[in-house]
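Now for the letters of each chain:
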Amino acid sequence: LISLYKSAHEHNKHQLQITLFSEPKSAQIMSLLSIPFLTRQEVIEKPALKHSFRNIAKSLHQLELKKGSQLNFFEIGDHTAQALDEMANKQIQRNDDNMAQISIVAQVAIQCDEIFKVVDLETGETVQGDPEARKNDVTHLVRFEVVVDLDPETGMSEVGRWQITDLDDLLDGNIWFL
């Protein structure tokens, strides 16, 4: 769909007629991921932050090499907790309002009744979708994201506004935190 749109937009946009109607019927959360002390905006502003969690994994590996054996559960937990505490403190220092932030990423399967049809106006031929423009049962995978502000002094939190960051993996997940 996206390549069809781009092609139509760049070339013969007056020659295609796109019909799209989608009515959501149900939704199911497929996955929910909490990303502590890192936001999409921070990674945009400072791209090196994208590797924060990979750096924690690398430091665990370095500890194992130094120790000469695998770390036990408590050593992994202790090191990871210290690294996350350091991430939180650095984020609070970066933010003017002294807030810590957590990003929440949710993948939701949304079942819809949908009519989709693309017609070449020169030939009258349906080039994509249902030629009869019938309703079809379609499931879309939608990725949502929200930032939660945490006040370390009061323990209060404020949930931001959810936004759609990907639809049916057209943006390959639009992942910014790995």
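Above: the structure in question.
What you see is a predicted model, and the numbers here were worked out from it, not measured in a lab.

Tell me what's going on with the packing of aromatic side chains, and back it up with residues and numbers.
Under the definition given, this model contains 2 aromatic pairs. Arranged with centres 5.3 Å apart and planes meeting at 85°, the rings of Trp 176 and Phe 177 form a pair that is edge-to-face. An identical accessibility class is assigned to Trp 176 and Phe 177; each is buried.

Could you give me a rundown of the side chain of Gln 107, with the residues and numbers involved?
By the secondary structure assignment, Gln 107 is in strand 2 (residues 100-120). Residue class for Gln 107 comes out buried when judged on its relative accessible area of 17%. Excluding residues that lie within four positions of it along the chain, Gln 107 makes contacts with Gln 28, Ile 29, Met 30, Ser 31, Leu 141, Val 142 and Arg 143.

If you had to explain the nonpolar core to someone new, which residues and values would you point to?
Among the nonpolar cores identified, the biggest contains 14 residues, and Ile 35, Phe 37, Leu 38, Val 43, Met 87, Trp 176 and Phe 177 are the most heavily contacted of them. Residue assignment for this core shows that the elements contributing at least two residues are helix 4 (73-94) and strand 2. The element that contributes the greatest number of residues to this core is helix 4, accounting for 4 residues. Apart from the residues lying within four places of it in its own chain, the contact partners of Phe 37 are Glu 42, Leu 84, Met 87, Ala 88, Gln 91, Arg 94, Ala 100, Gln 101 and Ile 102. Core analysis: the next-biggest nonpolar cluster, separate from the first, contains 5 residues, Ala 106, Val 108, Ile 110 and Val 142 among them.

Residue-level account of the pairing of strand 4 (residues 136-150), with values.
In the sheet, strand 2 pairs with strand 4 via 15 bridges, with the strands oriented antiparallel. The residue bridging Ala 100 from the neighbouring strand is Leu 150, located in strand 4. With 4 bridges joining them, strand 4 and strand 6 (residues 163-167) adopt antiparallel strand pairing. Its bridge partner lying in strand 6, Arg 143 is registered against Asp 166. Where strand 4 meets strand 5 (residues 157-159), 3 bridges bridge the pair, whose relative direction is antiparallel.

Rules used in this analysis
- Residues numbered from 1 in each chain as written.
- Predicted model: local features only at pLDDT ≥ 70, side-chain atom pairs only at ≥ 80, totals over all residues.
- Heavy atoms only, no water.
- Phe/Tyr/Trp six-rings, centres within 6.5 Å; stacked < 30°, edge-to-face > 60°.
- Buried < 20%, exposed > 50% of the residue type's maximum accessible area, 1.4 Å probe, protein only.
- Helix = DSSP H or I, 4+ residues; strand = E, 2+ residues; numbered from the N terminus.
- Contact = heavy atoms within 4.5 Å.
- Core = buried A, V, L, I, M, F, W, Y, C linked by side-chain atoms within 4.5 Å.
- Pairing = 2+ DSSP bridges.

The analysis is restricted to geometry; functional conclusions fall outside its scope.
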